[in-house]
Amino acid sequence: MICKCPHSENIEPQLASNCGRSTLLIFMNILQHMLQQKCDIADPCGRIQSQSDINSRYDFIVIGGGSAGSPIAARLSEEKNFSVLLIEAGLDEHTVTQVPSFFRNYIGSAIDWNFTTESENQACLNAKDRRCLWPRGKVLGGSSVLTGMMYMRGSKKDYDDWEKMGNKGWSFDNVLPYFIKSEDNLQINEMSNEYHGTGGPLPVGKFPYYPPISDDILKAGKELEYNTVDLNGKHQRGFAKSQCNTKNGIRFSSARAFLRPAKNRNNLHVLLNSTVTRIIFDINKKAVAILFLQNGQLKRVSVTKEVILSAGAINSPVILLRSGVGPKKDLDYLGISVIKNLPGVGKNLHNHVSYEVAFYLNEKDTNLLNRNSINQYLKFRKGPMSGTGVTGITAMINTKYSNNSDIQLFFNGFWADCIKLKRQGKRQLSIIPTVLNAKSRGYVRLKDMNPHSKPIIVPNYFSHSDDIKTLVEGIKFSIRLSNTQALKKYGLKINTIPVKNCEEFQFGTDDYFECAIRHETNPENHQSGSCKMGPNSDPMAVVDNKLKVRGIIGVRVADASIMPQVISGNTNAPTIMIGERVADFIKEEW
């Protein structure tokens, strides 16, 4: 079947390697042309199309079609007596985003919000204007279209701690059934069965392809007394070839998994390329409508039951602030009428943070992207393009500062800079230790009332000294890992070229690494906490344990922004779980 694409495919990717740019562009153009013949890889006519004309009112309006918003809209529309509108600022997924090996190529593109932080005082010091880059998906499926697809839930302790903070019903035992509900585990017999499920809309499985060094990394972990385990099972400590949101060599974003099967329901409408500006309240502080921009026109649609805000850790607080819900001082400053003084809106913003430790290998890369690998992928969904390389490997370790896993290791392999290495084709492996239980807190607030203005984002990385001390220990572990017998055959040698502005420190000392971390900070993309869930006794809590915004009627927030403390791992799967939970909360009430 040949289908005409209902949207533009002309989104130029940002290619990671300058030395391979022209070659990779050629291959991507070939691939894109071939994929366009069917409009989608394996789902020719399943694309979500924007509703051409919407109703004047709906029972429920979901703002944001990302990791949480897509499952929320799909689950609510299971109730035939509910009418549901999902509004997304971006367009549908670009065809080539579904190819696992291209997972980095759309950061900085038209489907990225392209957020940058304000100038940091203790991080990203070598970046332009000391601003950290914060990619976020502006596309149906949200950031689940841009990620490396890793399916990680976090630890049992994470959720038990949430409940100890006063969030009744959010312990690990409470949330586990919702992870299982979503899941269709493709290697169920290899996993800890009691922690996994099959038959859900979200495929969870290993990539068809992992480079040979992957197995040696797992062996290296064992040398350092870390077993190969199911990190979503009983133990959240060890190494693993991670399971990911993929099936048959194709990315499954939350939109593909949840929305596409629901797209023909008469009670579900999806509106794309439409940016919500604010929520309208009546005199009783009940949400009655939303305003949104579409093609330069400001439009209004009414809501009879609830607005569910799932716009992410940046845009969810921004929309609340524009709507008059947030710190009175900030709202007064911008001349916004205060609907509800909630001091916690936009506060408690935090993120995982990491540092990339680069090693040179003694071999050339034999897994280059070439015409054969494209053919192999298009015909069989196998080969290097069906995975993310060593990025599909991860590990949870603990440093001397914790008995629980406080560092996650990511890996990256790529061609070193061609010019510096005189086109020798020398290979690099990076080990990327990442602080899981970050204690530093920042905030997001409005710059002005222009809906096109980007907000003020202040992460305050390393404002708590424990974060940088933990990361230094993660770097030391990474170096020990590189020196294991299992990796000896690769001749790993750490890149000892001093980081700019750290030349005064002796390479390898704690002082050097602290300096290097501050100057070449690697901010992760797990932004959380800016609409904190908490009990009545917490003055900074924005939502209660049912995710209702405090002090107003008919608005809930459901995305990573409600996490009081970011979980220990990638945030996509927990955000989907949050979406599943709030859908049930709403069904129980209505």
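See the structure printed just above.
Here the structure is a predicted model, which means the values were calculated and not measured.

Criteria and cut-off values
- Residues numbered from 1 in each chain as written.
- Predicted model: local features only at pLDDT ≥ 70, side-chain atom pairs only at ≥ 80, totals over all residues.
- Heavy atoms only, no water.
- Helix = DSSP H or I, 4+ residues; strand = E, 2+ residues; numbered from the N terminus.
- Disulfide = S-S within 2.5 Å.
- Contact = heavy atoms within 4.5 Å.
- Phe/Tyr/Trp six-rings, centres within 6.5 Å; stacked < 30°, edge-to-face > 60°.
- Buried < 20%, exposed > 50% of the residue type's maximum accessible area, 1.4 Å probe, protein only.
- Lys NZ or Arg CZ within 6 Å of the ring centre and 35° of its normal.
- Salt bridge = Lys/Arg side-chain N within 4 Å of Asp/Glu carboxyl O.

Novice: Help me out: how do you make sense of unusual backbone geometry in this one?
Specialist: Most peptide bonds are trans, and most residues other than glycine sit at a negative phi. For Asn295, which is not glycine, the phi dihedral falls at a positive 50°. At Leu547, a position not held by glycine, the phi torsion is positive, near 70°. Of note, Leu547 is situated in the loop between strand 24 (522-523) and strand 25 (555-557).

Novice: What's the story with the state of the cysteines in this structure? I'm lost.
Specialist: Two cysteines, two sulfur atoms, one covalent bond between them: this is a disulfide. For the structure on display, the rule yields two disulfides. With its sulfur 2.1 Å from that of its partner, Cys124 forms a disulfide with Cys132. Looking along the S-S bond of the Cys124-Cys132 disulfide, the torsion reads about 115°, which is the right-handed sense. Across the disulfide, Cys502 is cross-linked to Cys515 (sulfur-sulfur distance 2.1 Å). When the S-S torsion is -90°, as for the bridge of Cys502 with Cys515, the disulfide is left-handed.

Novice: Any chance you could explain the side chain of Asp584 here in plain terms?
Specialist: Turning to its location among the elements, Asp584 is positioned in helix 12 (residues 572-589). When residues no more than four places from it in sequence are discounted, the contact partners of Asp584 are Tyr178 and Lys181.

Novice: Explain the packing of aromatic side chains to me, please; I cannot follow it from the model alone.
Specialist: What describes a pair of aromatic rings is the distance from one ring centre to the other and the angle between the planes of the rings. Summed over the entire model, instances satisfying the criterion amount to 17 aromatic pairs. Ring plane angle 55° and centroid distance 6.0 Å describe the contact between Trp162 and Trp170, whose orientation is recorded as tilted. In terms of burial, Trp162 and Trp170 fall into one category: buried. One Lys or Arg, Lys138, reaches over the ring of Trp113 and ends 4.7 Å from the middle of that ring.

Novice: Would you take a moment to explain the pattern of salt bridges for this structure?
Specialist: In the structure shown here, the tally under the stated rule is 24 salt bridges. With a closest N to O distance of 2.7 Å, Asp160 and Lys156 form a salt bridge. With Asp160 and Lys156 both in helix 3 (residues 156-164) and four residues apart, the pair spans about one turn of that helix. For Asp160, a relative accessible area of 19% gives the class buried. For Lys156, a relative accessible area of 38% corresponds to the partly exposed category. Residues Glu589 and Lys548 are paired through a salt bridge, measuring 2.8 Å at the closest nitrogen-oxygen approach. Note that Glu589 is positioned in helix 12 and Lys548 in the loop between strand 24 and strand 25, a separation of 41 residues in sequence. One continuous salt-bridge network, built from bridges that share partners, spans Arg75, Glu78, Lys181, Glu580, Asp584 and Lys587.

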